[in-house]
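Read off the chains here:
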Amino acid sequence: MQDKAKSKGGIEGEGSYSGTKAYDEATARFIKDGKVDKAAKEAKRAMDSREAADLKSAEAKGKAGDPRGQDKPR
């Protein structure tokens, strides 16, 4: 069976199988290496700091679906 990425000249589009695989592997390594608790503590520290407002603003932009403003009419 031919690799779907190769059949399209390496372009996979939004449904990137290799990107999904790499993400899943990195996430599994992160969990296996025991980094979750440290990351959670750092996130809590950040949310209790002066940067909390900036983080909440960035989260709201991300949830809005267009964090970079690319869908604005030109």
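Refer to the structure presented above.
Residues numbered from 1 in each chain as written. Predicted model: local features only at pLDDT ≥ 70, side-chain atom pairs only at ≥ 80, totals over all residues. Heavy atoms only, no water.

Colleague: Can you lay out the overall build of the chain for me, pointing to particular residues and giving the numbers?
Modeller: Counting secondary structure elements, the chain contains 4 helices and 0 strands. Secondary structure elements of the chain, listed N to C terminal, follow the sequence α-α-α-α. In the chain, which comprises 74 residues, the proportion classed as buried is 5%. When the accessible surface of the chain is summed, it comes to about 7000 Å², and 53% of that surface belongs to carbon and sulfur atoms. (Helix = DSSP H or I, 4+ residues; strand = E, 2+ residues; numbered from the N terminus. Buried < 20%, exposed > 50% of the residue type's maximum accessible area, 1.4 Å probe, protein only. Areas by Shrake-Rupley, 256 points an atom, 1.4 Å probe, with all protein chains shown as cover.)

Colleague: An account of helix 2 (residues 17-32) is requested, with residue identities and associated values reported.
Modeller: Taking 1.5 Å of rise per residue, the 16 residues of helix 2 would be expected to cover 22 Å, and the 22 Å separating its terminal C-alpha atoms lies within 8% of that figure. Regarding helix 2, its N-cap is Ser16, as a side-chain oxygen of that residue lies 2.9 Å from the backbone nitrogen of Gly19 further along. Positive backbone phi, approximately 75°, marks Gly34, located one or two places after helix 2. (Expected span 1.5 Å × (residues − 1). Polar contact = N/O pair within 3.5 Å; in protein donor to acceptor, adjacent residues only side chain to side chain.)

Colleague: Mind laying out the pattern of salt bridges, listing which residues take part and the relevant values?
Modeller: What the rule picks out here adds up to 4 salt bridges. Of the charged contacts, one joins Asp48 and Lys44 as a salt bridge, the two residues approaching to 2.9 Å between their closest N and O atoms. Across the pair, exposure class does not vary: Asp48 and Lys44 are exposed alike. Here Arg45 makes a salt bridge to Glu51, at a shortest N to O gap of 3.1 Å. Accessibility expressed as a relative area gives 40% for Arg45, which makes it partly exposed. Taking the relative accessible area as the measure of exposure, Glu51 reaches 32% and is therefore partly exposed. Several salt bridges converge on common partners, so that one network encompasses Glu42, Arg45 and Glu51. (Salt bridge = Lys/Arg side-chain N within 4 Å of Asp/Glu carboxyl O.)

Colleague: Can you explain the environment of Thr20? Please cite residues and give values.
Modeller: Secondary-structure assignment places Thr20 in helix 2. A distance of 2.9 Å separates a polar atom in the side chain of Thr20 from the backbone oxygen of Ser16.

Colleague: Tell me what's going on with the environment of Ala46, and back it up with residues and numbers.
Modeller: Here Ala46 is to be found in helix 3 (residues 36-47). What Ala46 contacts, discounting residues up to four positions off in sequence, is Glu51, Ala52 and Leu55. (Contact = heavy atoms within 4.5 Å.)

Colleague: Outline a nonpolar patch on the surface, supporting the account with residue identities and numerical values.
Modeller: A cluster of nonpolar residues, Phe30, Ile31 and Val36, forms a patch on the protein surface that exposes about 250 Å² of accessible area. Here Phe30 lies in helix 2. (Patch = residues over 30% accessible without salt bridge, like charges linked within 9 Å, V, L, I, M, F, W, Y side chains within 5 Å.)

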